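One-letter residues, chain by chain:
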Amino acid sequence: MPDFILAIDQGTTSSRAILFDHQGRIHATAQREFEQHYPRPGWVEHDPEEIWESQHGVMLEVLKSAGVGSSDVAAVGITNQRETTIVWDRDTGEPVYPAIVWQDRRTAQAIDALEERGLGGLFTGRTGLVLDAYFSGSKLAWILDNVAGARQKAESGDLLFGTVDSWLIYRLTNGECHVTDVSNASRTLLFDIDRLDWDDELLEVFGVPRAMLPRVSASSEVYAETRLDGGPVPIAGIAGDQQAATFGQACFSPGQGKSTYGTGAFIVLNTGDERIESSNRLLSTVGWQRNGAVTYALEGSIFIAGAVVQWLRDGLGIIERSSDVEALARSVEDSAGVYLVPAFAGLGAPHWDQYARGTIVGMTRGTGRAHIARAALDSVAFQVADVIQAMEKDRGSGLSELRVDGGASNNDLLMQFQADLLGVPVVRPEITETTALGAAYLAGLAVGFWQDEAEIARQWREDARFEPRMEQSTRDALREDWTRALERAKEWVQD
């Protein structure tokens, strides 16, 4: 058996490739950022070719830096930014339009129109999702309606649609394989998560020809082969980033949950083979499918988490590097009553307000940049606490601990405040690259690199544990003020 699994981690702001060994440890990594495009307010786009080139580049780079060849790699696993929508020509492989990113809000009014037609219940019942511009369906419909000739070409079978996983596999296999997995399919508003198939009625609502869609497979199986430095390697795992992170955190039992702090924050709770219908505006989604068994999950998606730190750096210029934010925030005891609601792209779960916008309240003449930095970090923890409270209501029981990962989970100040707000321990693993690790595990299981989930669970190792130390009265007062700040951000856009 070869020594490594290669994980492809295609994220919102960067492409990464990581080699994992049999112990689930990182052997080598490579990463490249790529450009974000904001052609109009509320629009967010990527260049699909830049996504591919950056991802392909880091794959080759990590192999070269590690002195590893294709014969040393047992399989490739792919994890990706979800909901981001790409349409390309079946024959040439050329995109017909930039990738419309999950953060993009251009289809908010189209979604409102579907709500006004009373279709919200239909979509939630079939897909487990709420009607929102966040998901792929309305983005795909927008491309078909706004790119000259796109609809006609799609109806004649000449265009293909995919989330980023499908796009990468199409390129990795030179156009031979058009596939996705159940976790990514479940984020499109086009997929019935009970039948595990594309839904013709939902496709008709959006005007999407079925011939555009990829084949839907399990999250752990051999789909195709790609060639690394000339040698064939099986592509054997696919999962959307948050499902992959949940798998990488070894949350294999119902009731186990994790929060990933990336560009956004995403909280996923394993519900086993039971799909739980949320009464608190959370999403029911497919976690993964392996060996014929489907694991479902509850999820709360927060649009802006780590991105608020990028905004402090690039928008306000109050820090030079993202890593500077913790020291700046620690320079003050607290936010001095300042609350920042980072609704730059609306609010996700459990509020789902497409028309909310970013707000800072509670400022005085004594407010400085450190207070704003502290309020920015606090805002991430407040949003996560809102989602977990909704999950606890849906399940009828609370979490015993929260496993965390992603770049911002390395911020000890944020993690301590998160534990204080939740009143339960927050636990960070040794390897916080759990998104890539989950993709590696899924691929490795498919080819026998690892035997089962029990072997994987034994590899999970704790790095730090943050115990709550805040009084309940203080916690309640903070969350009450946060809720008041939220109300001032909601429904800001009037048209």
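Everything that follows concerns the structure shown earlier in this document.
Residues numbered from 1 in each chain as written. Predicted model: local features only at pLDDT ≥ 70, side-chain atom pairs only at ≥ 80, totals over all residues. Heavy atoms only, no water.

Peer 1: Please clarify how the overall build of the chain should be interpreted in this entry.
Peer 2: A count of helices and strands for the chain gives 16 helices and 23 strands. The C-alpha radius of gyration of the chain comes to 22 Å, within 12% of the 23 Å expected for a compact globule of 495 residues. Referenced to the eigenvectors of the C-alpha coordinate spread, the extents of the chain come out at roughly 60 × 50 × 45 Å. For the chain, with 495 residues in total, the buried portion stands at 62%. Counting only contacts in the chain whose residues sit at least 6 apart along the sequence, the fraction spanning at least 24 positions is 72%. Accessible surface, the chain: about 18,300 Å² in total, of which carbon and sulfur atoms supply 44%. Averaged over its 44 positive side-chain charges, the chain has a centre that lies 3 Å from the centre of its 72 negative ones. (Helix = DSSP H or I, 4+ residues; strand = E, 2+ residues; numbered from the N terminus. Rg over C-alpha atoms; globule rule 2.2 N^0.38 Å. Buried < 20%, exposed > 50% of the residue type's maximum accessible area, 1.4 Å probe, protein only. Contact = heavy atoms within 4.5 Å. Areas by Shrake-Rupley, 256 points an atom, 1.4 Å probe, with all protein chains shown as cover. Lys, Arg positive; Asp, Glu negative; His and termini not counted. Charge placed at Lys NZ, Arg CZ, Asp CG, Glu CD.)

Peer 1: Sorry if this is basic, but what is going on with the side chain of Thr12 here?
Peer 2: By secondary structure assignment, the location of Thr12 is in the loop between β1 (4–10) and β2 (14–20). Among the polar contacts made by the side chain of Thr12, one reaches the side chain of Trp102 at a distance of 2.8 Å. (Polar contact = N/O pair within 3.5 Å; in protein donor to acceptor, adjacent residues only side chain to side chain.)

Peer 1: What's the story with the pairing of strand β17 (residues 283–290) in this structure? I'm lost.
Peer 2: Side chains on a regular strand alternate between the two faces of the sheet. Most of β17 sits inside the fold, with 8 of its 8 residues counted as buried. One ladder, built from 7 bridges, connects β17 with strand β18 (residues 293–302); its direction is antiparallel. Note on β18: the bridge partner recorded for Leu283 is Glu299. (Pairing = 2+ DSSP bridges.)

Peer 1: In this structure, what is going on with the packing of aromatic side chains? I would like to understand it.
Peer 2: Counted under the stated rule, the structure contains 21 aromatic pairs. Centroid distance Trp43 to Trp142: 5.4 Å. Interplanar angle 85 degrees. Geometry classified as edge-to-face. Of the two residues, Trp43 sits in the loop between β3 (26–33) and β4 (45–46) while Trp142 sits in helix α4 (residues 136–146), which places them 99 residues apart along the sequence. For the pair Trp43 and Trp142, a shared accessibility class is recorded, and that class is buried. Ring plane angle 85 degrees and centroid distance 4.7 Å describe the contact between Phe449 and Trp450, whose orientation is recorded as edge-to-face. (Phe/Tyr/Trp six-rings, centres within 6.5 Å; stacked < 30°, edge-to-face > 60°.)

Peer 1: What should I look at first to understand empty space enclosed by the protein in this one?
Peer 2: Vacant regions in the atomic arrangement are exposed by a probe of water-molecule size rolled over the atoms. Following the criterion strictly, the structure yields 2 cavities of 30 Å³ or more and no others. In terms of lining, the largest cavity is formed by 13 residues, of which the most central are Ile431, Leu437, Gln459, Trp460 and Arg461. The biggest single contributor to the lining of the largest cavity is helix α14 (residues 434–446), with 3 residues. Looking at the lining of the largest cavity, its residues break down into 7 nonpolar, 4 polar and 2 charged. Its boundaries defined by the atoms lining it, the second largest cavity holds a volume of some 60 Å³. Ser301, Ile302, Phe303, Val341, Leu347, Gly348, Ala349, His351, Gln383, Asp386, Trp482 and Leu486 are the residues that line the second largest cavity. Sorting the residues of the lining of the second largest cavity by element identifies β18, α12 (369–395) and α16 (472–489) as the ones contributing at least two each. In the lining of the second largest cavity, the residues fall into 7 nonpolar, 4 polar and 1 charged. (1 Å grid on protein atoms, 1.4 Å probe; cavity = no way out; pocket = protein on both sides within 12 Å on 5 of 7 lines; lining within 4 Å. Points joined across faces, edges and corners; volume = space filled by probe spheres on them. Nonpolar A, V, L, I, M, F, W, Y, C, P; charged D, E, K, R; others polar.)

Peer 1: Mind showing me how you'd approach unusual backbone geometry here?
Peer 2: Most peptide bonds adopt trans geometry, and most residues besides glycine take a negative phi value. Here the residue pair Ala349 and Pro350 is connected by a cis peptide bond, since its omega of -10 degrees sits within 30 degrees of zero. Looking at the element boundaries, Pro350 is found in the loop between β19 (339–341) and β20 (359–361). Positive phi, close to 60 degrees, is recorded for Leu196, a residue that is not glycine. Here Leu196 is to be found in the loop between β10 (191–192) and β11 (197–198). Phi angles above zero are rare outside glycine, and Asn291 is one such case at about 55 degrees. Tracing the backbone through its elements, the reader meets Asn291 in the loop between β17 and β18.

Peer 1: Would you explain the environment of Val426 in this entry?
Peer 2: Structurally, Val426 is set in strand β22 (residues 426–429). You can call Val426 buried: its relative accessible area is 0%. Through-space distance from the C-alpha of Val426 to that of Thr29 is 26 Å; in sequence the pair is 397 residues apart. When residues no more than four places from it in sequence are discounted, the contact partners of Val426 are Leu402, Val404, Met415, Gln418, Ala419, Ala464, Arg465 and Phe466.

Peer 1: What is the right way to read the sheet that holds strand β13 (residues 220–228) from this model?
Peer 2: Paired through backbone hydrogen bonds, the strands of a sheet run either parallel or antiparallel to each other. Read from one edge to the other, the open sheet built from 6 strands follows the order β3-β2-β1-β5-β14-β13, with strand pairing classed as mixed. On the outer flanks of this sheet lie β3 and β13, each paired with one strand and no other. Between one strand and the next, the sheet's axes are offset by a mean angle of 25 degrees, whatever the strand orientation. Summarising the sheet, β1 and β2 pair through 6 bridges and their orientation is antiparallel. Looking at β2, one finds that Gln10 is bridged to Ser15. Helix α1 (residues 48–66) contacts β1, β2, β3, β5 (73–80) and β13 of the sheet and is inclined by roughly 150 degrees relative to β3. (Axes fitted to C-alpha atoms, helices over the stretch in contact; angles between N-to-C directions.)

Peer 1: Which parts of the structure should I look at to understand the sheet that holds strand β16 (residues 265–272)?
Peer 2: Spatially, 7 strands are ordered β17-β18-β16-β15-β21-β22-β23 in an open sheet, and the strand pairing comes out mixed. The sheet is open, and its two edges are formed by β17 and β23 (462–466), each paired on a single side. Across the sheet, the mean angle separating the axes of adjacent strands is 30 degrees when strand polarity is ignored. When β22 meets β23, the two strands line up antiparallel, connected through 4 bridges. Its bridge partner being in β23, Arg428 is matched across the sheet by Ala464.

Peer 1: Whenever I open this one, the layout of surface pockets confuses me. Can you help?
Peer 2: Looking at the largest pocket, its volume works out to about 1,000 Å³. Around the largest pocket sit 45 residues that line it, and Tyr261, Gly262, Thr263, Gly407 and Ala408 are the ones nearest its centre. Every element with two or more residues in the lining of the largest pocket is listed here: β2, β3, α9 (241–248), β15 (257–261), α10 (306–316), α11 (325–330), α12 and α14. No other element matches the 6 residues that α10 contributes to the lining of the largest pocket.

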